[in-house]
Every structure is written in structure tokens, then in C-alpha cells.
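Each chain, written out:
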Amino acid sequence: MPHAIAPPANAQPATGHRPRWWTELPLIAVVYALYSVGRLLVRGDVTTAVDHGLAILRLEQALYLNAEHPLNRLFTSTPSLGIPADFAYASLHYAVTPAVLIWMFRRRAALYRSARVWLMNSTLLGLVGFSLMPTCPPRLLDASHGFVDTMAQYSAYGWWGQGASAPRGLSGMTNQYAAMPSLHVGWSLWCGILLWRHGRHPLVRAAGVAYPLLTTVIVMGTANHYFLDAVAGAAVMGAGALLVKPVTRFADRVKAWGAARSTGPAAVLFTAGPPHGAATAQRPVSGAVSATAPPNVSSGCKTSPGERIPGQRTTSADPPGTAVDGASAGGADPAATSDDAPAAAR
């Protein structure tokens with residue numbers, strides 16, 4: 001009889017759940033909507049934002065940090081650098097981040113949830129920073145501080161006006177004083193770390209290193225952020241990474257609580273699908289029999305001592321008088337019970 005092939009001894013069961021796009025998309029959309037609306041609600045007054053911007057500038061001067069001025073002068077005097085930098089500032093932030101999230105969803109499904117939770121944690125922490133410290137970016141300071149708004153200077157080449165990366169006429173729909181922390185830098189760092197850690201091609205890993213560095217240069221050269229804004233953006237991403245495990249555990253408890261109290265279609269929102277690969281790992285092979293335990297042919301039936309089931313055979317390895325299940329014939333004549341005996345003797 002054919003036996004089932006046992007799985008390798010070092011095989012590990014899958015523990016992650018395959019993400020479902022029809023639940024992921026609404027969740028991401030809701031979080032981003034809350035973030036966008038929150039930015040508008042915590043604008044703060046302009047005077048406070050300008051004071052915070054000047055305080056950051058003075059702190060950088062005290063620390064002998066002044067990368068913004070030379071980069072801004074370079075981008076202002078060199079259109080071949082300033083124009084691409086403005087396009088990058090106005091688009092990559094909203095294109096690369098979703099692309100990396102989709103890449104994780106499709107190619108690294110077991111790690112996708114942690115990556116998504118990390119991004120959401122950091123984004124909401126950034127919103128807290130905007131609330132507590134509205135900050136005027138360098139480009140909106142008085143011209144006496146030596147900064148030029150490259151987005152306004154090169155606005156004829158792009159879709160933006162004088163309202164940062166917002167399309168013309170929609171600058172009122174964005175909070176221009178949400179400079180601290182820089183989520184342009186924070187999100188690019190998130191993308192870079194994921195590309196570096198999980199990319200297989202050397203070019204993908206190189207892009208993971210170059211993208212956050214290039215973004216940091218761009219946000220300072222276009223006078224949209226201070227260097228300390230970029231540092232704060234990286235710090236926010238670090239804090240968001242530390243919160244991944246506790247937030248995930250809390251979400252699992254909420255999901256379990258909701259699944260226990262939900263019925264019907266609503267239960268789909270709280271019940272996770274089977275672990276990826278578990279369906280094939282646990283499904284028995286049709287017609288296969290375990291290689292370690294022989295089938296129970298008696299099906300619970302018992303015989304009296306010395307009674308033999310009609311047609312029962314013994315194996316050549318068993319001593320005479322022993323049935324397949326190892327039970328003795330109970331004192332019966334070995335010659336009478338052996339298959340090798342003549343029929344008249346049995």
C-alpha cells in the first residue's frame with residue numbers, strides 16, 4: 001500500500017496571514033484622510049510658526065549647521081538642478097511610498113503588515129508634531145534670512161504654484177506650516193530601509209540607500225525644510241518602528257474581540273484568513289496512510305481468546321499464531337493457524 005511522504009524535518013509552518021486588498025485599501029485611505037484633515041485643523045497661527053522656524057535656525061547656527069543656505073543658492077542659480085528638485089519634491093513623496101507599500105504587499109506578504117503599521121505609526125506621530133510645533137519653512141521666512149522659494153521661482157515649469165507642492169489654486173487646502181518633522185524625509189527613510197533589507201537586486205538596494213539621502217538634499221535645497229526637520233523626521237520613523245509590536249498586539253486583541261461579537265458579513269472584518277500555505281500543509285493526501293501507524297482493520301471489534309477472524313492473514317515476520325495486530329492466537333496449534341499449513345490442517 002502506498003504511504004504518504006512525510007514533510008521535511010526542518011519545515012516551518014507559515015505563521016503570517018495573507019493580506020487582503022479589499023480591507024487594506026479602505027484602512028489606508030481612512031488613515032491618510034485623517035492625516036490630511038488633521039494637518040489642516042492644526043495649522044496654528046503664522047506668528048507662532050515663524051517664531052518656531054527662527055528658533056530652529058538659531059539652534060542650527062549654534063550647532064554650526066548650515067546646509068540649507070548653500071544648497072538653496074545652488075538650486076536657485078542652477079535651473080537644471082532646481083527644476084528637477086522641485087518636481088521630485090512635489091511628486092516622489094506621493095508616488096514612491098505607495099509603490100513600495102504595494103511591492104511589500106505583493107512580494108513580501110509575510111512582512112507587509114509590520115511595514116504598514118510602521119508607516120501609519122510614524123505618520124500619526126508626525127501629525128502630533130505638527131500640532132505641538134507648527135513651523136514656518138525656510139522659504140516662507142522673510143527674504144532677509146537668505147532663502148529663496150524655488151517652488152515659486154520655477155512654478156511655471158510645474159503644476160504647483162506658490163503653495164509648496166499643492167496644485168495652483170489649491171494652496172489653501174494644505175498646511176504650509178507643517179515643516180516639523182519632515183515626513184518627506186521620514187517616508188523616504190521608510191522606503192529606503194525596506195528596499196535595502198528586502199530587495200534582492202543590487203540596484204534595488206542601491207536605490208534604498210540613495211533615495212532618503214537625495215530626499216534630504218532636495219527638501220533643504222528647495223527651502224522647504226531645515227536640516228533639523230529632517231533629523232526629526234528620521235526620529236519619528238524610529239519611534240514608529242518601536243511601536244510596531246505593541247500596536248500589532250493591540251490590533252489583534254481588538255480583532256479577536258470584534259470576531260467574538262460579530263456575526264454575518266460584519267465578521268469578515270474581524271476574522272483573518274488562514275495562514276498562507278497552511279491549507280496545503282495541513283490537508284491530508286487523498287488515499288494516503290500514515291507511515292508510522294498501521295490502519296486499524298478491526299474498527300473497534302474484539303475477538304475472544306483463541307477466536308480467529310475468517311480470512312485473517314499473518315505476515316512472514318510474525319511468529320506462527322500471531323495476527324497482524326500482534327495478538328496471539330491464544331494457544332491454538334501453530335500448524336493449524338499457519339498459512340503454510342495444508343488446508344486440511346486449518
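Right above here is the structure, for reference.
Definitions and limits used
Residues numbered from 1 in each chain as written. Predicted model: local features only at pLDDT ≥ 70, side-chain atom pairs only at ≥ 80, totals over all residues. Heavy atoms only, no water. Helix = DSSP H or I, 4+ residues; strand = E, 2+ residues; numbered from the N terminus. Contact = heavy atoms within 4.5 Å. Areas by Shrake-Rupley, 256 points an atom, 1.4 Å probe, with all protein chains shown as cover. Expected span 1.5 Å × (residues − 1). Bend = angle between axes of the 7 residues up to and from the residue. Buried < 20%, exposed > 50% of the residue type's maximum accessible area, 1.4 Å probe, protein only. Core = buried A, V, L, I, M, F, W, Y, C linked by side-chain atoms within 4.5 Å. Phe/Tyr/Trp six-rings, centres within 6.5 Å; stacked < 30°, edge-to-face > 60°. Lys NZ or Arg CZ within 6 Å of the ring centre and 35° of its normal. 1 Å grid on protein atoms, 1.4 Å probe; cavity = no way out; pocket = protein on both sides within 12 Å on 5 of 7 lines; lining within 4 Å. Points joined across faces, edges and corners; volume = space filled by probe spheres on them. Nonpolar A, V, L, I, M, F, W, Y, C, P; charged D, E, K, R; others polar. Salt bridge = Lys/Arg side-chain N within 4 Å of Asp/Glu carboxyl O. Polar contact = N/O pair within 3.5 Å; in protein donor to acceptor, adjacent residues only side chain to side chain.

Draft legend 1. Main features of the overall build of the chain. Per the secondary structure count, the chain includes twelve helices and zero strands. Its helices and strands in sequence order give the chain the pattern α-α-α-α-α-α-α-α-α-α-α-α, from N to C terminus. Taking the contacts inside the chain whose residues are at least 6 apart along the sequence as the reference set, 77% of them involve residues at least 24 apart. With the model as given, the accessible surface of the chain reaches about 20500 Å², and the carbon-plus-sulfur share is 65%.

Draft legend 2. Spatial organisation of helix α8 (residues 202-221). Taking 1.5 Å per residue as the helical rise, α8 with its 20 residues ought to reach 28 Å, and the 28 Å between its terminal C-alpha atoms agrees with that figure. In the structure, α8 departs most strongly from a straight axis at Ala 210, where the bend amounts to approximately 25° and where the proline Pro 212 lies between one and four residues downstream. What α8 keeps buried is the set Gly 208, Tyr 211, Pro 212, Thr 215, Thr 216, Ile 218, Val 219, Met 220 and Gly 221. The elements touched by buried residues of α8 are α3 (68-77), α4 (79-107), α6 (150-153), α7 (183-198) and α9 (227-242).

Draft legend 3. Fine view of the nonpolar core. Counting 21 residues, the largest nonpolar core has Val 100, Met 104, Trp 118, Trp 190 and Leu 194 as the members making the most contacts within it. Breaking this core down by element, the ones donating at least two residues are α4, α5 (109-132), α7 and α9. What Leu 194 contacts, discounting residues up to four positions off in sequence, is Val 100, Trp 103, Met 104, Ala 115, Trp 118 and Gly 199.

Draft legend 4. Examining the packing of aromatic side chains more closely. Applying the stated criterion to the full structure yields five aromatic pairs. Relative to Tyr 112, the ring of Phe 105 has its centre 5.3 Å away and its plane inclined at 85°; by these criteria the two rings are edge-to-face. Since its relative accessible area comes to 23%, Phe 105 is described here as partly exposed. On the basis of relative accessible area, Tyr 112 is assigned to the buried category, the value being 3%. Taken together through their ring pairs, the aromatic side chains of Phe 87, Trp 159 and Trp 160 make up a single cluster. Seen from the ring of Trp 196, Arg 205 lies directly overhead, with NZ or CZ sitting 3.9 Å from the centre.

Draft legend 5. Structural context of empty space enclosed by the protein. According to the stated counting rule, one finds one cavity of 30 Å³ or more in the structure shown. As a volume, the largest cavity reaches approximately 60 Å³. Around the largest cavity, the lining residues are Ala 88, Tyr 89, Leu 92, His 93, His 184, Tyr 211, Thr 215 and Ile 218. Only α4 and α8 provide two or more residues apiece to the lining of the largest cavity. Looking at the lining of the largest cavity element by element, the count peaks at four residues for α4. Residue classes in the lining of the largest cavity are distributed as five nonpolar, three polar and no charged.

Draft legend 6. Molecular detail of the pattern of salt bridges. In the structure shown here, the tally under the stated rule is two salt bridges. The salt bridge involving Arg 113 is made with Asp 252; its shortest N-O contact spans 2.8 Å. Here Asp 252 lies in helix α10 (residues 244-261) and Arg 113 lies in helix α5, a separation of 139 residues in the sequence. For Arg 113, a relative accessible area of 27% gives the class partly exposed. Here Arg 139 makes a salt bridge to Asp 149, at a shortest N to O gap of 3.2 Å. Of this pair, Arg 139 sits in the loop between α5 and α6 while Asp 149 sits in the loop between α5 and α6, and the two are ten residues apart along the sequence. Overall, Arg 139 belongs to the buried group, its relative accessible area being 6%. Taking relative accessible area as the criterion, Asp 149 reaches 13% and is therefore assigned buried.

Draft legend 7. Quick look at the side chain of Thr 123. Structurally, Thr 123 can be placed in helix α5. Among the polar contacts listed, one links the side chain of Thr 123 to the backbone oxygen of Leu 119, at a separation of 2.8 Å.

Draft legend 8. Representation of unusual backbone geometry within the structure. Cis geometry is adopted by the peptide bond preceding Pro 181, which originates at Met 180 and carries an omega value of 0°. For Tyr 64, which is not a glycine, the phi torsion comes out positive at approximately 60°. In this structure, Tyr 64 sits in the loop between α2 (46-62) and α3. Of note in the backbone geometry, Ala 223 takes a positive phi value of approximately 65° without being a glycine. The topology assignment puts Ala 223 in the loop between α8 and α9. Ala 223 sits in the buried class, given a relative accessible area of 0%.

Note that every value here comes from positions in space, so none of it alone points to a role or purpose.
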